[in-house]
Every structure is written in C-alpha cells, then in structure tokens.
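Topology and contacts: notes
One letter stands for each residue in the lines below.
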Amino acid sequence: MPNLTRKLILIILFLPAALIAAPSSSSAQQQKQKICLVLSGGGARGASHIGVLKVIEREHIPIDCVVGTSFGALVGGLYSIGYSPYEIENIFSGQDWNGIFSDAPQRHLMPILDRRNVRYQLQLSFKGWNLELPPGLWEGQGLTESLDLLTTNQILDAQYDFDKLPIQFRAVATNLLDGKPFVFKQGSMTQALRASMAIPLVFTPVEKDGMLLADGGLVDNLPTDIAGDLGANIIIAVDTTSPLLEKGEIRNLINVIDQAISLEMERNVQANRKLATIIPISPDLHEFTANDYSEIPKIIDRGEQEAERRLGEIKSLVSGIPSRPDLSRSEQSTGVPPAPHAQRIIDSISFNGLQQIKSSQLMKAAHLRVHAGDILDLSLLVVDLGSLYATLFFESVDYCLEPVAENRYRLVYLVKESAKKVLGLSLRYDNDYDFEALTEFTARQLFGGPSSATVSSQFGGLEDHFAALRLIPSPALSLFIEPRVEIRKQQRLEVRNKELFDIFTDRREGGRLTIGSAFFHVFEFEGGYYSERVKIQGEQGSESASPAVLAGLTFSLYRDSLDSPEIPRSGARAQILVEKQSTALGSDFNYSKWQAEYQRYFRLSDKSTFQINAGAGFTRGPAPSYDRFFTGGYSFAERASRQFLGLERDEISSNQRIILGASYRRQVISSILGF
C-alpha cells in the first residue's frame, strides 16, 4: 500500500510537467510538415510560375524547398536565393531574350580589328581535318553572363550549398551518358541552371565531373519525386509542360524531333503528377508556345489567375501550419533595407582550360579590368567575362570564386578554347543583288600566336573570292601585316538621263599588302599597296580595248562603336578612305579618290531606332568610268552601290558626291525562330 501511494504521488507531481513538455499529436504533425514547391519545364510557358509565386507569397504560404526543371529551375533558383516574385517578373519582362539565347559577343568589347569580320550564320569546326557538327546551336554565353550577375553573391553567402540558401533548392538535369537525372544540390548556381535549361539541339550540353548534362525535362520534367526525396510530405506542383502536337502540326523534321522528345517527357510527367499532394496547378496556356518569350507578361498573368482559382485548395492544404516571413532581400517588398554582402577580395587570378592561347595574349587582347587585390565588383567581373569571350578565342567563358581565406577568393576563369580551324557559312538576300552565299575557312593561332589565315568565297550578285594571311608579330602590339590575293566580280548598270543604257560586268583580279594597327580599342588604321587587273565586259559583248591595271597606295582610318553590324540600335561608325593611283606605281591611270562616311544611331525604344548619316567623296584627276562613285539602291554590302532609298541601283555615277540622310526604323519581327 505505501508503494502504491508513493507511485500515485510521483504521477501527480510529474504529470503536469509532462503535459506541458509534450506537444499534442496534431501540433507535432504540423511541425513535421515540409512543404515543397515543384516547378516544371516548359520554355517561356514556365514564366507562369512567377504568377503562381506572386499568389503564394502574398498569402504567406510557407515554402520549405523548391525543386525545378529547365525554366522552372530558373524561376525556382532565383526565388530560392532571395528574389521576390515581383523582382523576378521585372528581370524577365525587361530581358533581351534574343541576347540571352545568343552566342554573339558584345560588339563594343570586341577588338576593333575583328568587328568587320563577324558575318557567319553557321560555324562548323574541324578536329584535325575532320569536319565536326556542333553539339548545339548555342553555347549559351549570354545566359551564363546574366546568371552570374544575378546569382554569384547569394551562392557565395551560402558557401555553394543549396541547403543553406534562404529556401532549400534542387535543380534537375539529364546525364546524356546514362539517361539518368542528375540533381544539383551544391556548387555553381549558374552551372546548375544552365545545365537544367540545356535544351537538346538548341544549347550545348554542360560538362561536369565526366558527365554531359542536358535539359532535365528529358527524364524528369515535373520532379515531384525529387521533392519526396527531400522529405517533403506536402508537394505543390505547377505543370507548364507543352502539350503534344496534333497530327496536322507534325509537318517537318523539327516537328518530328520535338514530338519524339515530348512523348518521353509526357510519360514521366504523368507518372510524377500522381506524387503531388493536390492535382498540379496547370495554367491555361493553350495559345502560348515554349518560344513565346515576348509574351511573358501575359503568361505570368495566366499563372497568377490559375493560382487564384486554386487558392482555396492550397490554403486548406497548409491550414494550421504557421506562415513564414517574406524571404525577399528587396526593401520595396519588405520595407527593410537589404543586408549588405560581405566585402570580398580577389586574392589571385588564373585560367583553367588554356591549351594554345597564352595568358599574356589574353590580358592584352581583353583589357581586363579586375585585378588581384581588388574588392569583388560583379558588374566589372561580368564585363571582363564578356571581354574574354569577345576576343573570339573561346567557345565559352565562365568563372568560379574559390575561397582561400575569410572573404578572400581565387578568381579562376573557366574557358573552352575555340577550334583553331573553322568553316563559316552565311546566306543573305537583298533587292539589288538577290541571293549571296558565303563560305569562309579560317585557321587561327598560327605560328604560336594570334596570326591567322583565311580563304573566302562569296557567290551570287556580288562575287568576292580571296585568300589572306594576317601576321601579328607580337600579342603586345596591335599591329598586323596582311598579304592578300583577290578576285571580285559584280554587275554594274550604266544609266544615262535616267534611262538604262548598258549593263556591264566589272571583274578585278589582284593583290595587296597592308600594314595596320589599332588605337585606343576603337580606331583602326591601314595603309598599303595594291594592284589589280580590271576587265570590263558589256552586255552586248563590247569590251575595253585591253584590260586595265589599277595600282597605287591606299590609306584608311576606321572607327566603329555600333552594337550590331546588321541592324544597329546605338553607336556610330566612321571611315575615311584614300586611294592614290599612279603610273609610277604601275597603274594605267593617274588620279586619287577621297571618301568619308559617318553613321550615328540613337535608340528610341526597345524596337525603334533613329539614324543620321553623311557621306562625301571626290576624285582628283581623270578616273575611268567604272571606278567612279555609284549611288542608289537598297543594299548594305560594302562593295555595292552606295545605298540611297528612292534611287535605283547605280542610278547615279559621279566623280563627286555629298549625301546627307536620316531614317527611322522599327522592329516588326524579333526572330523567325522565336528566340
């Protein structure tokens, strides 16, 4: 009996404490809940994820982890590192998607000597002397540079650990070597997002630890299974997968490849939809394709509308689970100034991936702005990344920051050298000369330095075939010597009193030796000797008494700051050219030609540009009729008649001319391919 009494007393004493210490079963269950947001791939359709996030954050729905594939990884990755949905919306809405999905270097960063030579639509490389097709249309350099700027500071704060981000994050890619998904949980955020978005045939695969990683949508486009592996017991999935094509929509090779990929994707999506806690949120995107990047604001709205419609289900799913504060770093969304990043110092700089190119050559060619000992400035670092890429020495350029001490990092540029032998192809059409095709073979890095050799052939309305060897004695000097042989042919119109009098062919064969140099990264000077044999053939078979020889000295000064050679939006281009013909130098004539051109472009909006241009030229001495200044037509080609809208090609030929003009351009179609 005393023992029983003692036990009762102990139970009475400790029972209240036990009741206080132990939570109720329902409370314990709530504390164990882990809510994961799963965002699918879908190209531009994936922008609807942003609309869903806007509703989730507004309603303070607690999200513990985010798993994304392809475009879903892009949106989810930015959200996980601290960007609010509104910040992500602003980033995407103001983005130049043509620039993002482009490998074109920033032209103002290119060496002035190379700015006139970027004219290919397709470039093939050689391994040895075997022609190789590229593994994708683009390396994604523009995407890499943008992601580096957006994510570097945040991933450094997390020490490259995706579990230490404000929200736990995973990105899914596909290993092309075994067909299995690869899940990024640490390392470079840029690399993770770039790999997850590596659409087959469009972007080249990402090389990592012996793997070749491509778009995660190939094997796991709605990665709810990865959310389960993270311990999530509430999975909210958003599915923006593109629907399968109907029979009538499968009309070409691209459609067949797209459908074949989509069939496998559909199978894994259907299986993973069943793992979501509620039926996946699927915005109404039937009129949008994966390439509709210009429609991103509308696509975001569709995501927000669907999340609003499903809000009741979501709220009931998380009922009783305490909400969490906003994770955004934005003062605008939280009212609190963003916490400053720790001041980081560049301890040293090195290159990883150099094989034939010397680092000293790079430092001279790229004019790098970041140096050892500097405080890390991401904007300058990304500019240097663009400068290295603009040297045209590399297929891709990225960087990593390796910690060496507290807040000190080794900057390592990760480069992949371009092929030393390439074949460039291009095709264009204009109203004056119809179709023109270009094939150009270039061998780079000759004689252990930046020298190169080029063999080029252009067919069509304007024929131009040449072989040139550009010798650069030292990377430290912006000096080159270029011997060149050339054959040119074009059809000219002889107009008298506004009537077509004759059509003649102007064929020239010859060579030149030029010495040139660049100054201040924006000016190019060339001077040299040339000699060419000219043969004129009239339409009726009439021919000059004998072929003539034009020989003499040539000098030119060139400045170019245009952002694009084809359709500029900003910048200026100026050129002064002097040619002196003399019998003392082997010519059949004694005369000189002086000409100057200036063009200036002003960006009025994202789609409109205002241009002013001026040109002048005069001839001193008796020049042959076929070497006068020809004006009129629509062609932009350098050797064509000087463009003048309202005049037909070659309508005016003269020994002197002055041209002043202004024009307004507005973009109608951004890209035929949708990128």
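Residues numbered from 1 in each chain as written. Predicted model: local features only at pLDDT ≥ 70, side-chain atom pairs only at ≥ 80, totals over all residues. Heavy atoms only, no water.

1. Points about empty space enclosed by the protein
Evaluated as defined, the whole model comprises 6 cavities of 30 Å³ or more. If you add up the space inside the second largest cavity, you get close to 110 Å³. Mapped by element, the contributors of at least two residues to the lining of the second largest cavity are helix 7 (141–157), helix 8 (189–196) and strand 13 (394–405). When residues in the lining of the second largest cavity are grouped by element, the largest group, 5 residues, is from helix 7. Here the residues of the lining of the second largest cavity sort into 7 nonpolar, 4 polar and 1 charged. (1 Å grid on protein atoms, 1.4 Å probe; cavity = no way out; pocket = protein on both sides within 12 Å on 5 of 7 lines; lining within 4 Å. Points joined across faces, edges and corners; volume = space filled by probe spheres on them. Helix = DSSP H or I, 4+ residues; strand = E, 2+ residues; numbered from the N terminus. Nonpolar A, V, L, I, M, F, W, Y, C, P; charged D, E, K, R; others polar.)

2. Observations regarding the side chain of Ser-654
Mapped onto the fold, Ser-654 is located in strand 27 (residues 652–654). In this structure Ser-654 comes out as buried when scored by relative accessible area, which is 14%. There is a polar contact of 2.7 Å between the side chain of Ser-654 and the backbone oxygen of Gln-656. The residues contacting Ser-654, other than those within four sequence positions of it, are Arg-628 and Phe-629. (Buried < 20%, exposed > 50% of the residue type's maximum accessible area, 1.4 Å probe, protein only. Polar contact = N/O pair within 3.5 Å; in protein donor to acceptor, adjacent residues only side chain to side chain. Contact = heavy atoms within 4.5 Å.)

3. Here's the deal with the environment of Tyr-626
When you line up the elements, Tyr-626 lands in the loop between strand 25 (608–620) and strand 26 (629–631). Residue classification places Tyr-626 among the buried positions, given a relative accessible area of 11%. When the C-alpha positions of Tyr-626 and Val-534 are compared, they lie 9.5 Å apart, and in sequence the two are 92 residues distant. If near-sequence neighbours (up to four positions away) are discounted, Tyr-626 is found in contact with Phe-504, Asp-506, Arg-508, Val-534, Ile-536, Ala-548, Leu-550 and Phe-589.

4. A few points about unusual backbone geometry
Phi at Gln-159 is positive, roughly 55°, even though this residue is not glycine. Within the secondary structure, Gln-159 is located in the loop between helix 7 and strand 6 (168–175). The phi dihedral of Asp-650 falls on the positive side, at around 60°, and the residue is not glycine. As for its position among the elements, Asp-650 is in the loop between strand 26 and strand 27.

5. Overview of the packing of aromatic side chains
To describe a pair of aromatic rings, you give the distance between the ring centres and the angle between the ring planes. A full pass over the atoms with the stated rule returns 11 aromatic pairs. Each ring, one from Phe-351 and one from Tyr-413, has its centre 5.3 Å from the other, and the planes form 25°; the classification is stacked. Of this pair, Phe-351 sits in strand 12 (residues 345–352) while Tyr-413 sits in strand 14 (residues 408–417), and the two are 62 residues apart along the sequence. Tyr-413 matches Phe-351 in its accessibility class, with the two residues each being buried. When the centroid spacing of 4.9 Å and the interplanar angle of 55° are considered together, the rings of Tyr-429 and Phe-435 count as tilted. (Phe/Tyr/Trp six-rings, centres within 6.5 Å; stacked < 30°, edge-to-face > 60°.)

6. Structural notes on the pairing of strand 20 (residues 499–519)
Bridging between strand 19 (residues 479–496) and strand 20 involves 18 bridges; their strand directions are antiparallel. Paired with Arg-496 across the bridge in strand 20 is Glu-499. The antiparallel pairing of strand 19 with strand 20 creates a hairpin that spans 2 residues between the two strands, and Asn-497 there sits at a positive phi of about 55°. Taken together, strand 20 and the strand that follows it, strand 21 (residues 523–538), pair antiparallel across an intervening segment of 3 residues, in which Phe-520 is found at a positive phi of about 55°. (Pairing = 2+ DSSP bridges.)

7. Details of the packing of helix 4 (residues 71–80) against helix 8
Contact geometry for helix 4 and helix 8: axes closest at 8 Å, N-to-C directions at 155°. Here helix 8 runs roughly antiparallel to helix 4, going by the angle between their axes. As for the relative orientation of helix 4 and helix 8, their crossing is right-handed in sense. From helix 4, Ala-73, Leu-74 and Gly-77 reach across to helix 8, where they touch Met-189, Leu-193 and Ser-196. Of the residues in the contact of helix 4 with helix 8, the class split is 4 nonpolar, 2 polar and no charged. (Axes fitted to C-alpha atoms, helices over the stretch in contact; angles between N-to-C directions. Parallel < 35°, antiparallel > 145°, perpendicular 65-115°, else oblique. Left-handed = near helix turned anticlockwise from the far one by under 90°.)

8. Here's the deal with the pairing of strand 10 (residues 211–215)
Among the 5 residues that make up strand 10, 4 are buried, leaving the element largely enclosed by the rest of the structure. With 3 bridges connecting them, strand 6 and strand 10 associate as antiparallel partners. Bridge pairing in strand 10 places Thr-174 opposite Ala-214. Alignment of strand 9 (residues 206–208) against strand 10, held across 3 bridges, turns out to be antiparallel.

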